Amino acid sequence: MSPYRIFRMLLLRWHRRIGVVAAIFVVVLVVTGIAINHSDDWGLDKKPLKQAWLLKHYGIPTPILRSFPLNRSLASGAWLSQFGDGLYLAEKQIGSCNGPLLGAAVLPDTIAVLCAGRLQLFTLAGEKLDDISESLGLPRGVEALSLYQEAVLLRTAGGVIAFDSRSLMFSVMNIENVIWAEPGLAPPALQRSLLEQYRGSGLSWERLLLDLHSGRLFGSVGVFIMDLAAIALLLIALSGVWVWVTKPGRWKRPS
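Residues numbered from 1 in each chain as written. Predicted model: local features only at pLDDT ≥ 70, side-chain atom pairs only at ≥ 80, totals over all residues. Heavy atoms only, no water.

Caption draft 1: The arrangement of the overall build of the protein in detail. A tally of regular secondary structure across the protein gives 6 helices and 12 strands. Sorting the 255 residues of the protein into buried and exposed places 35% on the buried side. Once local pairs closer than 6 in sequence are excluded, the contacts in the protein between residues at least 24 apart make up 49%. When the accessible surface of the protein is summed, it comes to about 15,500 Å², and 62% of that surface belongs to carbon and sulfur atoms. (Helix = DSSP H or I, 4+ residues; strand = E, 2+ residues; numbered from the N terminus. Buried < 20%, exposed > 50% of the residue type's maximum accessible area, 1.4 Å probe, protein only. Contact = heavy atoms within 4.5 Å. Areas by Shrake-Rupley, 256 points an atom, 1.4 Å probe, with all protein chains shown as cover.)

Caption draft 2: Seen up close, the sheet that holds strand β10 (residues 151-156). Judged by pairing direction, the sheet is antiparallel, and its 4 strands sit side by side in the order β9-β10-β11-β12 without closing on themselves. The open sheet has two edge strands with one neighbour each: β9 (144-148) and β12 (169-173). Within this sheet the neighbouring strands show an average axis-to-axis angle of 30°, counted without direction. Strand direction decides the pairing type here: β10 and strand β11 (residues 159-164), joined by 5 bridges, are antiparallel. Residue pairing in the sheet places Leu 153 in a bridge with Ala 162 of β11. (Pairing = 2+ DSSP bridges. Axes fitted to C-alpha atoms, helices over the stretch in contact; angles between N-to-C directions.)

Caption draft 3: Geometry of the environment of Leu 217. Inspection of the secondary structure puts Leu 217 in the loop between α5 (205-214) and α6 (219-245). Between the alpha carbons of Leu 217 and Leu 54 there is a distance of 9.9 Å; along the sequence they are 163 residues apart.

Caption draft 4: The state of the cysteines, seen in detail. Within the structure shown, the criterion is met by 1 disulfide. Sulfur-sulfur distance for the disulfide between Cys 97 and Cys 115 comes to 2.0 Å. Judged by the sign of its S-S torsion, about -140°, the cystine formed by Cys 97 and Cys 115 is left-handed. One end of the pair, Cys 97, is in the loop between β4 (92-96) and β5 (101-106); the other, Cys 115, is in strand β6 (residues 111-115), with 18 residues separating them in the sequence. The exposure classification of Cys 97 matches that of Cys 115, with both residues buried. (Disulfide = S-S within 2.5 Å.)

Caption draft 5: Highlighting the environment of Leu 147. With respect to the helices and strands, Leu 147 occurs in strand β9. On a C-alpha basis, the gap between Leu 147 and Val 106 in space is 8.4 Å, while along the polypeptide they are 41 residues apart.

Caption draft 6: Representation of the pattern of salt bridges in the model. Under the definition given, this model contains 6 salt bridges. A salt bridge links Arg 118 to Asp 131, with the nearest nitrogen and oxygen atoms 2.4 Å apart. With Arg 118 in strand β7 (residues 118-122) and Asp 131 in strand β8 (residues 128-133), the pair connects residues that are 13 residues apart, well separated along the chain. We classify Asp 131 as partly exposed; its relative accessible area is 25%. Residue Lys 128 is joined to Asp 131 by a salt bridge in which the shortest nitrogen-to-oxygen separation is 3.5 Å. Here the residues in one salt-bridge network are Arg 118, Lys 128 and Asp 131, joined through shared partners. (Salt bridge = Lys/Arg side-chain N within 4 Å of Asp/Glu carboxyl O.)

Caption draft 7: Examining α5 more closely. Those residues of α5 not exposed but buried are Leu 208, Leu 209 and Asp 211. The arc that holds every buried residue of α5, seen down its axis, measures 165°, which confines them to one face. Two residues or fewer after α5 comes Gly 215, characterised by a positive phi angle close to 90°. (Arc of directions from axis to C-beta.)

Caption draft 8: Region of interest: the packing of aromatic side chains. What the rule picks out here adds up to 1 aromatic pair. With centroids separated by 4.8 Å and ring planes inclined at 35°, the aromatic side chains of Phe 163 and Phe 170 adopt a geometry described as tilted. Among the residues examined, Phe 170 registers a relative accessible area of 24% and is labelled partly exposed. (Phe/Tyr/Trp six-rings, centres within 6.5 Å; stacked < 30°, edge-to-face > 60°.)

Caption draft 9: Representation of the side chain of Ser 146 within the structure. Its location among the elements puts Ser 146 in strand β9. Of the residues examined, Ser 146 reaches a relative accessible area of 8% and is grouped as buried. A distance of 2.7 Å separates the side chain of Ser 146 from the backbone oxygen of Ile 179, its partner in a polar contact. (Polar contact = N/O pair within 3.5 Å; in protein donor to acceptor, adjacent residues only side chain to side chain.)

Caption draft 10: Examining the sheet that holds β6 more closely. Sheet architecture is open: 4 strands sit in the order β5-β6-β7-β8, paired in antiparallel fashion. Taken across any chain shown, the strands that pair with only one partner, and hence form the sheet edges, are β5 and β8. Neighbour-to-neighbour, the strand axes of the sheet open up by a mean angle of 15°, direction not taken into account. Two strands pair when backbone bridges link them, and β7 and β8 are joined in this way by 5 bridges, in the antiparallel orientation. What sits directly across from Phe 122, in β8, is Lys 128.

Listed below in structure tokens is the structure:
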């Protein structure tokens, strides 16, 4: 058998093998490509990823939920919660808390919320009234919050500080046996609702499809594999054309 025929048979054999392997990637590219082209029509650009393992793969862990039961009933079972950086009155996001949430309490017409280094005041409907940081007069190192009559009590290493929400003034107070606000376990329904909101503000299905289409979903290795798949498709196309062109008798003129 001539070297030419041996080479042609070898090329045909590898043409089929490469084609079988490349077919897997062709399916991925075709399916994801069509979905990406219609992501607006199908709402994939707005549909969030909610699978915990996918979010973990992207380095987005689920934050810890920290909740305080409100000491006066705004509504049945009212809670003030921190989830990630967000502050939530029941299921409604009302602000943010960069540090840990340290306490919350309800005055007659105000909600006082203590985050690390910040004391925030909200209306009973959750609208922000004031935000007092340490640079604006909040005593340094406030650790906890409580209520005493119409004043908000703040615990510091040096003692108890009273805050008047009407005058926005701080004063030292000599008081003992204060019951400080403690976090509690929010109802399961509220936990699920806040988790859904948190996941709904992150990655979309469109982003997942784009990363799968390009191979970035699996990091640099995935991109390298998709590059190899593209080269394999190129080899299939070139070898297929060459085999077709060089088929014995292809260019013989009919007698």
